[in-house]
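What follows is each chain in one-letter form.
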Amino acid sequence: VIVESPLDLEPWRDDVKLPRDRRWIAHGNALLKRFLQIACALLMLLLSFGPAAADPAEQIAKLPNDKYGELVKRGYLIFTDTPRNARRYSGNHLSCANCHLDAGTRRNAAPMWAAWGEYPAFNAKNDRVVSFEERVQDCFRFSLNGFAPPLNSEELRALIAYAHWLSKGVAVGSNPAGRGFPTIARTGVDPNPLRGKEIYASKCAACHGLQGDGRYAADGSARVPPLWGYASYNKGAGLHRMDLLAGFIKANMPLGAALLSDQEALDVAAWINLQERWPDPRKGLLRGLVEP
Amino acid sequence: MAGAFARWWRASDAGSDWHAAWSSAVIMLPQAIVLATLAGLPPEAGIYASVFSVAVAALVGKCPTVLSGPNTAIAVMVSAALTPLAAPMSGGYVRLALTLALLAGLIQLAMAALRLGRLLHLLPPFVVQGVITGVGMILITSQASALLGVIDVPGEAAWVSVWRLPEVLAQANGCALAVAVSTLAAGLLAPRLPGLRRVPTLVVALLAGCLCCAVLDALWGAAWVDLERIGFMTLQLLPLSQPHLDWQELYLLKQLLLSAAGIAFVGVLQTLIIIQGTRAEGEPAADSPDREIAAQGLGNIVNAFTSAFPGSGSFNRSASHAAAGARTYRAAVGSAVILFALGFAAAPLIARIPLAALAGTLVLIGVDMLRSVVRRHVRGRPLRAAWSLAIVAGVTVGSGLQNALIVGLLLGSFMSLRHRTHPKPAAPVVPAAPAAPEAVAEPPAGASASALSRIV
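Predicted, not measured: the structure shown is a model, and the values here were computed from it.

Right, let's get into the overall build of chain B. Within chain B one finds 23 helices and two strands. Long-range contacts, defined as pairs at least 24 residues apart, comprise 84% of the intrachain contacts of chain B with a sequence gap of at least 6. Total accessible area on chain B is roughly 19,800 Å²; 68% of this is exposed by carbon and sulfur atoms.

All names here are of chain B. The interhelical angle for the contact between helix α5 (residues 72–82) and helix α8 (residues 125–142), taken along N-to-C directions, is 65 degrees, at an axis separation of 10 Å. In the crossing of α5 with α8, the sense of the turn from one axis to the other is left-handed. When α5 is examined against α8, the residues T72, A73 and V76 are found in contact with a partner set consisting of V135, I138 and L139. Grouping the amino acids of the contact of α5 with α8 by side-chain chemistry returns five nonpolar, one polar and no charged.

Per the stated rule, a full pass over the model turns up 15 aromatic pairs over all chains. With 5.2 Å between their ring centres and 65 degrees between their planes, F340 of chain B and F344 of chain B make a pair best called edge-to-face. You can see F340 of chain B and its partner F344 of chain B sitting in helix α18 (residues 330–345), four residues apart, about one turn around the helix. Looking at F340 of chain B, the relative accessible area reads 9%, which means it is buried. Exposure remark for F344 of chain B: the relative accessible area of 36% places this residue in the partly exposed category. The ring centre of F232 of chain B lies 4.4 Å from the NZ or CZ of R87 of chain A, which sits over that ring. R277 of chain A extends its terminal NZ or CZ atom over the ring of Y233 of chain A, reaching a point 4.0 Å from the ring centre.

On the chain B side, the residues contacting the 19 residues of chain A number 25 residues. When chain A packs against chain B, close to 1,600 Å² is buried across both sides, 59% of that on carbon and sulfur atoms. For the chain A face of the interface with chain B, the top three residues by lost area are R87, R88 and F147 of chain A, together amounting to 39%. At the boundary of chain A with chain B, the tally comes to two salt bridges. Note that R141 of chain A and D226 of chain B form a salt bridge whose closest N and O atoms lie 2.7 Å from each other. The interface formed by chain A and chain B contains five residue pairs in polar contact (both at pLDDT 80 or more).

Bringing the confidence of the model for chain B into the picture now. Residues and elements named next belong to chain B. Confidence along chain B averages 80 in pLDDT terms, with 86% of residues attaining 70 or more. The spread of mean pLDDT over the elements of chain B runs between helix α23 (residues 451–455), the lowest at 28, and helix α12 (residues 174–189), the highest at 92. When the criterion is pLDDT under 50, residues 428–456 qualifies, and its contacts beyond four places in sequence or with other chains add up to 52 contacts. Reported for the predicted complex are a pTM of 0.76 and an ipTM of 0.73.

The next thing to look at is the nonpolar core. One finds I47, L82, L100, V179, L256, F309 and I350 of chain B to be the most contacted residues of the largest nonpolar core, which totals 107 residues. No other element matches the twelve residues that helix α15 (residues 253–278) of chain B contributes to this core. What I350 of chain B contacts, discounting residues up to four positions off in sequence, is L29, I33, I230, M233 and G343 of chain B. F132, F147, F181 and I272 of chain A belong to the second-largest nonpolar core, a separate cluster that totals 64 residues.

This next bit is on a positive patch on the surface. All names here are of chain B. Side chains of R192, R371, R375 and R379 sit close together on the surface and give a patch of like positive charge. By secondary structure assignment, the location of R379 is in the loop between α20 (355–378) and α21 (387–399). By relative accessible area, R379 is classed as exposed at 59%.

Bringing the side chain of S161 of chain B into the picture now. Residues and elements named next belong to chain B. As for its placement among the helices and strands, S161 is situated in helix α10 (residues 160–163). What makes S161 buried here is its relative accessible area of 9%. A distance of 3.1 Å separates a polar atom in the side chain of S161 from the backbone oxygen of T141. Apart from residues lying up to four places away in sequence, S161 is in contact with T141 and S142.

There is a patch of nonpolar side chains on the surface, built from L211, V215, L219, W220 and W224 of chain B and spanning about 560 Å² of accessible area. The element contributing the most residues to the nonpolar patch is helix α13 (residues 201–220) of chain B, with four residues.

Turning our eyes to something else, we now look at unusual backbone geometry. Each neighbour pair has its own omega, and for Y119 of chain A with P120 of chain A the value is 5 degrees, a cis peptide bond. With respect to the helices, strands and loops of the structure, P120 of chain A is situated in the loop between α7 (112–115) and β1 (121–123). Cis geometry is adopted by the peptide bond preceding P254 of chain A, which originates at M253 of chain A and carries an omega value of -10 degrees. Inspection of the secondary structure assignment puts P254 of chain A in the loop between α11 (242–252) and α12 (262–273). A positive phi angle is found at N145 of chain A, which is not glycine, with a value near 50 degrees. Within the fold, N145 of chain A resides in the loop between α8 (132–143) and α9 (154–166). Of note, M89 of chain B is a non-glycine position whose phi angle comes to about 75 degrees, a positive value. By the element assignment, M89 of chain B lies in the loop between α5 and α6 (91–113).

Basis of the calculations
- Residues numbered from 1 in each chain as written.
- Chains lettered and ligands numbered in written order.
- Predicted model: local features only at pLDDT ≥ 70, side-chain atom pairs only at ≥ 80, totals over all residues.
- Heavy atoms only, no water.
- Helix = DSSP H or I, 4+ residues; strand = E, 2+ residues; numbered from the N terminus.
- Contact = heavy atoms within 4.5 Å.
- Areas by Shrake-Rupley, 256 points an atom, 1.4 Å probe, with all protein chains shown as cover.
- Axes fitted to C-alpha atoms, helices over the stretch in contact; angles between N-to-C directions.
- Left-handed = near helix turned anticlockwise from the far one by under 90°.
- Nonpolar A, V, L, I, M, F, W, Y, C, P; charged D, E, K, R; others polar.
- Phe/Tyr/Trp six-rings, centres within 6.5 Å; stacked < 30°, edge-to-face > 60°.
- Buried < 20%, exposed > 50% of the residue type's maximum accessible area, 1.4 Å probe, protein only.
- Lys NZ or Arg CZ within 6 Å of the ring centre and 35° of its normal.
- Buried area = accessible area lost by both parts, 1.4 Å probe.
- Salt bridge = Lys/Arg side-chain N within 4 Å of Asp/Glu carboxyl O.
- Polar contact = N/O pair within 3.5 Å; in protein donor to acceptor, adjacent residues only side chain to side chain.
- pLDDT = per-residue confidence, 0-100.
- Core = buried A, V, L, I, M, F, W, Y, C linked by side-chain atoms within 4.5 Å.
- Patch = residues over 30% accessible without salt bridge, like charges linked within 9 Å, V, L, I, M, F, W, Y side chains within 5 Å.
- Lys, Arg positive; Asp, Glu negative; His and termini not counted.
- Charge placed at Lys NZ, Arg CZ, Asp CG, Glu CD.

Written as structure tokens, this is what we have:
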């Protein structure tokens, strides 16, 4: 697995051992050190990189055992294994981290730290301004094909706490780079699902399986997410939009070696979108079954 | 194991017990989920509470007609006790509910050891009936926002939801209202339709609500209908749990103990009323109710260690249990086993039950409680006879069950004092009702006929 170069969360950390003859500099220039700390912090804010650590598991383990820390840990567990840890509301075998890669920290894979400060925001899907919580409810409705957890449910509060913890230090409303999924510019050529099928067979099927059913561990948890069929997202999910799916594929897939061209990504997305999945819950049974 | 169970089962009066076990399990399953929601706990807790402790209480108590499990008044008390301390449905809340069950169980065991059963027989009935009236009102008011598909503010007094009603009406979800109305309509009409009379009313009502919701889903889509559902349950065969309080939480102990004492008291009272109420006419009184109290205590302790929440004998369920033909305690054990199997089998369907339909069934239970009180203790009597009942009910709604019990006991002793100072009683405050066997508490043989028991 190729890990994205992690930005240091605390670039001013001084636990590096200095040679004996240089230590007086570190001790003597506390003011300079503080200045450097502030400058680094300001630089981080200005660049709006956010805390893009590769996998927050280590920092999660270091969280104190207070109630906030426990809620964040619960949120992390739900985020990385939703079918098991939010069983009540999850309707398929997908987890949050299957699309929000690296447990919601990777840039261009809809990271949580970039989304947190951008809500409440207008949502075209619901045609109104939705809060962050309501946005997460939509993930459960569509991408996880389950039931929306109530706004006061423990599961939702844990996910919110986790997103909040990931977003510490990111300016609210700064629209950080790497937010959401990137979009693909028009290529001038229509997406061709048949070419997409060939690309899928050669580059995707090794992990996701020719039938798009993913891969499961011995205990039944999905190691590689199913892409279609009855264990995957329904037709109301954001990734059922071809442009969004193509953008996600272009930026992130194949995992660790995202080398597809724009056209290839569009073709694969077209192929994946042709497959069977649960109907859109925003439509009645008749329309949902008949319409794509 | 299964063979041993079958042999043990065959030894019982299998035919009628089997029938009672089945029908009680079918009635209990929706109640378990509804009451768990009422108590602020996940539906799994309701199912566990109506399986393990029910079996243990039946095996220990051996009273053929008492069917314990989650109970309306107890569920209201659990939610009133714990919502100020933790968020409903959260891990901390569940843990506190376990602790509460353990404390209530221990208190009930102590009550059995002190032989308080006979003493409780002397309790004037207006206290119990007033509490039942109050709980019925709480059930109706507390579900007002859930009926309309709006999230309630947790931890408020019961009457606050009436105050919030205009605001809630403005945010109401029409689909939730449709589901609730169909649930209520089915529940109120089902007993009058000859074809549905034999099916439990709550089951009919819940099914009607689910059917309405399924039709709305099919026509407009689940996301548009936007109703909250129960969600998928994760049932375990042996859901062991451990009640505990952290050292930092010890300050909660006093409050938990007070609530546990109230829960233990109400649980014992209900169980005693059931024993009196379902005893056949002319049959001698059970030698001692203390055995049944101890069984309830043990049941609550089992609840604490099986991821459940406090319960007690349930009057309406026990009545239908006896009516369905329960002859021995084996019927209760059988219903617990069948209910557990049903819970596993029906989990995917239960997941889709809308919360509005659950709220509708709770309102139906509340209406039924009010009706039974009016039928037995208010109708056909001068209105002034009901003033003590009304006071206890008002205190229940206004400031909780514990305070209502205290006020009721004070009122009862005040009336007994007045009775003693007026040697020629003018009119009994609450005259004895020959039509209501459960209201007639026989003065126990050994006890001297005290003033309190004459009020009864």
